[in-house]
Amino acid sequence: MNNILTMAKKDLLLLWRDKFGVFWILLFPLMFALFFGSIFGGGNGGGSSGMDVAFVDLDNTEHSRRFITLLGEKDAIDLEQPPEGAPWTVETAKEAVLSGDAVAYVVLPEGFGGAGGMAMFTGNTPEVEVGVDPSRTAEKGFLEGLLMEASFRRLQDSFADPVSMRPDIAQMKQDVLADQDMGDQWRSTLMTFFDSLDTFAGMADEAIQTEEESGGDASEAPDMSPIKIRHEDVVKRSSGPLNAYEISFPQAIIWGIIGAAAGLAMMLVQEKTRGTWVRLRLGPHTTAQILASKGLSCFAACIITIVLLLFVGHLVLGVRVGSWIGLAMAVASSAACFTGLMMIFATLGKTEQAVAGWAWGGMMPMAMLGGGMVPLMMMPSWMQTMSNISPVKWAVYSMEGAIWRGFTLEKMLLPCFILLAIGLAGFLFGVVVLSRREG
Amino acid sequence: MIHVQGLVKSFGALRAVNDVSFEIERGMTFGLLGPNGAGKSTTINMIVGVLAPDAGSINIDGASSRIEARRCIGVSPQSIALYPEFTGLENLRFFASLYGFKGKLLARRVDWALEFSGLADRARDRVSEYSGGMQRRLNLAVALIHEPRILLLDEPTVGVDPQSRNHLFECIEQLRAEGLTIIYTTHYMEEAQRLCDLVAIMDNGRVLDMDTVDGLIQSHGGASVIQVDLEHPPPPGANLPGTIDGATLRIETDDPVAQINSLHDQNIAFKTLELHNPNLETVFLTLTGRRLRDE
Ligand SMILES: Nc1ncnc2c1ncn2[C@@H]1O[C@H](COP(=O)(O)OP(=O)(O)OP(=O)(O)O)[C@@H](O)[C@H]1O
Ligand SMILES: [Mg+2]
């Protein structure tokens, strides 16, 4: 056991001394992650700074459309476009939030635009439905604040455009008179209010122009909110990557551990061509122990590579960790998988060049197919299915699972199991073939 | 100490080692002398157990298991078997720790090895920066790091300048004096002649003969040859020993000193006189009809 550790330590030190190897294992992947992470928008969800919101306009009036446009002009909100041009329905909008395409949806009910934003005075305050993931409390609060602000704005606009307000006032006076449930006291108060409002609308537009500038006076009427907000918790199926680095880091890690596995496979063959293999064979340990040390050094090199890259990604570039245990599982099983692959590479050639050729030549298409180049989530579905044959896919998938796909530990089991199975099979294959060659 | 019986090893159709047997006593230096491709390295690799023989057996006294046997054997392979990215010190430390040396004991062994190979002042330089001779010396020192009782040296002087070679010889002679059992392969007959108690002449996978250097020369070396360039061609019918070709006289004899004395007594004037005593080269020539190396 001691000798296994001693030999594995020696391999890691040799790997570290090989500056060219270190470049491929650490520097190149880091450059890859930074480059692709930044050109695909880096932080904050793919290029725009606002949160994507799907507005379901059931009212579909001049008022409701203006309300939506007004909100869309805010930096904090991006209007998520409905698929295939059809307007959002409650169902499609909910689906968009579920799948992570939109952060939230907002439903403006029928009658929302009625009474120019003053329906609350008649007890018909429109009820706006907001659907958002309960975990995103910050976004939820922010969105509701914006909705409130916009509805007060709308109310204010009505005051700012008194001429357009007058038919609404007439309509409301009728509504008030028609409302049987309304107390007489309240009815007469409102009628007085609407009368004076009507007078005001007819003569006071100049004064109100300035009122608009100061903004939000209406918020001093706490019981008179122009809208009511009803929450709908929509728990996302998957949370989606928060930033492009969450995509580019798992990919970069793949290149790093391919580099580590290829480098160590080359070193294994190099021991033979250099003759140090004979010395190792002469030591007081079995050939199986030498091969175990090779496996251990590769496993450790992969772990170190992944941890260092994730460390940078997490601390510097905001790559989240959805589940630490899940991530540990993904890291360990990916490292095990590439250890097995390393052993297979080492059997494929008798010279360093041959092994390097096989390792890179074999892993390049596997990486491309498995999401090392084109992110898995951007692949067409037939390709995602095809990528299942690539070990790289499962490594990327498991890491993404722990980072942003929000996998439960149960869901982590399948990719981790596949990775471990490949690793074990590769390692056993390597041990059998390499020991047999010893004659 | 080491009994090798009927070793056979083939690589495909090529029989690299063909029925090789020998026996080496404790403290003896045994030479395997043969040209390139004779099968020397293959034999060594089978003795140390990195190659499995097709047939035959190898017995090493006092070793109950294979791992035990390896502990008492040190090998300096034909190719430099070191990590060039490591310093000399790191190489020695690594191999010593494989044999379980730790702490003070390890430091003592490493110091000894650096002293022995004359590399103490270059210990912290990478092996890739060493000269060929320094690498050879370290290659030997690593073989000795775990204090083996048996030392296998596979062409330890290849690619070494005469001065370094001399240093290596002195090292090996020191080990010999300390009582190590040594197997030494070479295609330099001077090395075998200088260092070995017992020499096996190997060619095409076979041991052609095996004896002490003197014994081999006696059985296969033939007579000494005296070659004389005379001042004047001798008159026809002069009573001279040997054969004459123009002014060159060639005498084959078992007693060259007596022959030279007799030439002197006859007052024969000569420009040059060369005496060729038989050596292992002659032995090899007699045994195979070829020279050891193609010069
Ligand atoms: N692994 C191998 N595969 C195939 N052929 C081999 C192998 N090792 C040795 N041979 C062949 O076996 C023969 C004996 O080789 P070996 O290395 O034992 O010779 P040697 O006496 O050590 O020669 P040298 O002085 O050049 O080192 C050679 O013809 C060589 O080509
Ligand atoms: Mg050889």
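Residues numbered from 1 in each chain as written. Chains lettered and ligands numbered in written order. Predicted model: local features only at pLDDT ≥ 70, side-chain atom pairs only at ≥ 80, totals over all residues. Heavy atoms only, no water.

*Asks:* Any chance you could break down the overall build of chain B for me, citing the residues and the numbers?
*Replies:* Within chain B, the regular secondary structure consists of ten helices and 13 strands. For the C-alpha atoms alone, the extent of chain B along its principal axes is close to 80 × 45 × 35 Å. Put simply, chain B has 295 residues, and 49% of those count as buried. Put simply, of all contacts in chain B between residues at least 6 apart along the chain, 68% involve residues at least 24 apart. Counting only carbon and sulfur atoms, one obtains 47% of the accessible surface of chain B, whose full area is about 13700 Å². Across chain B, the 27 positively charged side chains and the 38 negatively charged ones have centroids separated by 11 Å. (Helix = DSSP H or I, 4+ residues; strand = E, 2+ residues; numbered from the N terminus. Buried < 20%, exposed > 50% of the residue type's maximum accessible area, 1.4 Å probe, protein only. Contact = heavy atoms within 4.5 Å. Areas by Shrake-Rupley, 256 points an atom, 1.4 Å probe, with all protein chains shown as cover. Lys, Arg positive; Asp, Glu negative; His and termini not counted. Charge placed at Lys NZ, Arg CZ, Asp CG, Glu CD.)

*Asks:* Outline the sheet that holds strand β4 (residues 55–60) of chain B, supporting the account with residue identities and numerical values.
*Replies:* Backbone-to-backbone hydrogen bonds pair the strands of a sheet. The strands run either parallel or antiparallel. Residues and elements named next belong to chain B. On the basis of which strands lie adjacent, the open sheet formed by three strands has the order β2-β1-β4 and antiparallel pairing. A single partner strand is all that each edge strand has here, and the edge strands are β2 (14–24) and β4. Across the sheet, the mean angle separating the axes of adjacent strands is 20° when strand polarity is ignored. As judged from the five bridges shared by strand β1 (residues 2–11) and β4, these two strands associate in the antiparallel manner. The residue of β4 that forms the bridge with Val-8 is Ala-55. Along the sheet, helix α1 (residues 40–48) makes contact with β1, β2 and β4, crossing β1 at roughly 120°. (Pairing = 2+ DSSP bridges. Axes fitted to C-alpha atoms, helices over the stretch in contact; angles between N-to-C directions.)

*Asks:* Residues and numbers for the site of ligand 1, please.
*Replies:* All names here are of chain B. Around ligand 1, a shell composed of 14 residues is seen, among which Lys-40, Ser-41, Thr-42, Gln-78 and Glu-155 lie nearest. Between an oxygen atom of ligand 1 and a main-chain N or O atom of Gly-39, the distance comes to 2.9 Å. Take Ser-41: an N or O atom from its side chain is 2.7 Å from an oxygen atom of ligand 1. Bound to the protein, ligand 1 loses 61% of the 630 Å² it would expose on its own. Elements that contribute at least two residues to the shell around ligand 1 include exactly β2 and α1. The greatest single-element share of the shell around ligand 1, amounting to three residues, is contributed by α1. Of the residues that constitute the shell around ligand 1, the class distribution is five nonpolar, seven polar and two charged. (Near = heavy atom within 4 Å. Polar contact = N/O pair within 3.5 Å; in protein donor to acceptor, adjacent residues only side chain to side chain. Nonpolar A, V, L, I, M, F, W, Y, C, P; charged D, E, K, R; others polar.)

*Asks:* Please set out the confidence of the model for chain A residue by residue, giving values where relevant.
*Replies:* When pLDDT is averaged along chain A, the result is 82; 86% of the residues meet or exceed 70. This stretch, residues 204–223 of chain A, has a pLDDT under 50; its non-local contacts, to residues over four places away or in other chains, come to 16 contacts. (pLDDT = per-residue confidence, 0-100.)

*Asks:* Please provide a residue-by-residue account of the interface of chain A and chain B, values included.
*Replies:* Contacts between the two partners involve 22 residues from chain A and, on the opposite side, 29 residues from chain B. At the junction of chain A and chain B, the tally comes to two salt bridges. Put simply, chain A and chain B have eleven residue pairs in polar contact (both at pLDDT 80 or more) between them. At the level of elements, α1 (2–17), α9 (245–274) and α10 (276–282) of chain A are the ones that each hand at least two residues to the side of chain A that touches chain B. (Salt bridge = Lys/Arg side-chain N within 4 Å of Asp/Glu carboxyl O.)

*Asks:* Give me the coordination of the magnesium ion (ligand 2): which residues, what numbers.
*Replies:* Ideal donor angles around a metal are set by the shape: a four-donor tetrahedron calls for 109.5 degrees, a six-donor octahedron for 90 or 180 degrees. All names here are of chain B. The protein atoms donating to the magnesium ion (ligand 2) are Ser-41 (OG) and Gln-78 (OE1), with metal-donor distances spanning 1.9 to 2.0 Å. Of this pair, Ser-41 sits in helix α1 while Gln-78 sits in the loop between β5 (73–76) and α3 (88–98); the two residues are 37 residues apart in sequence, bridging distant segments of the chain. We classify Ser-41 as buried; its relative accessible area is 19%. Classification of Gln-78 as partly exposed rests on a relative accessible area of 32%. (Donors = N, O, S within 2.8 Å, 3.2 Å for Na, K, Ca; no water.)

*Asks:* Let's hear about α1 of chain B: which residues, and what values?
*Replies:* Where burial is concerned, most of α1 of chain B is hidden: eight out of the nine residues are buried. Among the residues trailing α1 of chain B, Gly-49 of chain B stands out with phi positive, at a value near 90°.

*Asks:* An account of the state of the cysteines is needed here, citing residue identities and associated values.
*Replies:* Going through the model one piece at a time under the given rule, you end up with zero disulfides over all chains. Cys-337 of chain A carries a free sulfur, and the closest cysteine sulfur to it, the one in Cys-302 of chain A, is 9.1 Å from it. The exposure class of Cys-337 of chain A is buried, given its relative accessible area of 0%. Left unpaired, Cys-171 of chain B is separated from the closest cysteine sulfur, that of Cys-196 of chain B, by 16 Å. (Disulfide = S-S within 2.5 Å.)

*Asks:* I'd love a proper account of the sheet that holds strand β10 (residues 224–230) of chain B, names of residues and values included.
*Replies:* Residue and element names in this part refer to chain B. Here we have four strands laid out as an open sheet, ordered β11-β12-β10-β13, and antiparallel in their pairing. At either margin of the open sheet sits one strand with a lone partner, and together these are β11 (243–245) and β13 (270–276). Averaged over neighbouring strand pairs, the angle between their axes works out to 15° when direction is ignored.

*Asks:* A description of the side chain of Thr-186 of chain B should follow, citing residues and the corresponding values.
*Replies:* All names here are of chain B. Take Thr-186: it is sitting in strand β7 (residues 181–186). Using a relative accessible area of 3% as the deciding quantity, one classes Thr-186 as buried. The contact partners of Thr-186, leaving out residues within four places of it in the chain, are Leu-32, Leu-33, Gly-34, Lys-40, Glu-155, Glu-191 and Ala-192.

*Asks:* Quick rundown of the pairing of β7 of chain B? Include the residues and the values.
*Replies:* Residue and element names in this part refer to chain B. Here β7 lies mainly inside the structure; six of its six residues are buried. Alignment of strand β3 (residues 29–33) against β7, held across five bridges, turns out to be parallel. Note that in β7 the partner of Phe-30 across the bridge is Ile-183. Summarising the sheet, strand β6 (residues 150–154) and β7 pair through five bridges and their orientation is parallel. Bridged to Leu-151 within β7 is Ile-182. After leaving β6, the chain enters helix α6 (residues 162–177) and then returns to the sheet as β7, a path that is right-handed. (Right-handed = clockwise from strand over helix to strand, strands pointing away.)

*Asks:* Hey, could you go over the packing of aromatic side chains for me, with residue numbers and the actual values?
*Replies:* Overall, the coordinates contain 18 aromatic pairs over all chains when judged by the stated rule. Taking 6.4 Å as the distance between ring centres and 80° as the angle between the ring planes, the aromatic pair formed by Phe-20 of chain A and Trp-24 of chain A counts as edge-to-face. Of this pair, Phe-20 of chain A and Trp-24 of chain A both sit in helix α2 (residues 19–39), separated by four residues, roughly a single helical turn. On the accessibility criterion, Phe-20 of chain A (59% relative accessible area) is exposed. Note on Trp-24 of chain A: relative accessible area 31%, which makes it partly exposed. With 5.1 Å between their ring centres and 75° between their planes, Tyr-397 of chain A and Phe-407 of chain A make a pair best called edge-to-face. Of this pair, Tyr-397 of chain A sits in helix α15 (residues 391–403) while Phe-407 of chain A is found in the loop between α15 and α16 (409–437), placing the two residues ten residues apart along the sequence. Looking at Phe-407 of chain A, the relative accessible area reads 9%, which means it is buried. In this structure, Arg-109 of chain B is placed above the aromatic ring of Trp-112 of chain B, and the distance from its NZ or CZ to the ring centre is 4.6 Å. (Phe/Tyr/Trp six-rings, centres within 6.5 Å; stacked < 30°, edge-to-face > 60°. Lys NZ or Arg CZ within 6 Å of the ring centre and 35° of its normal.)

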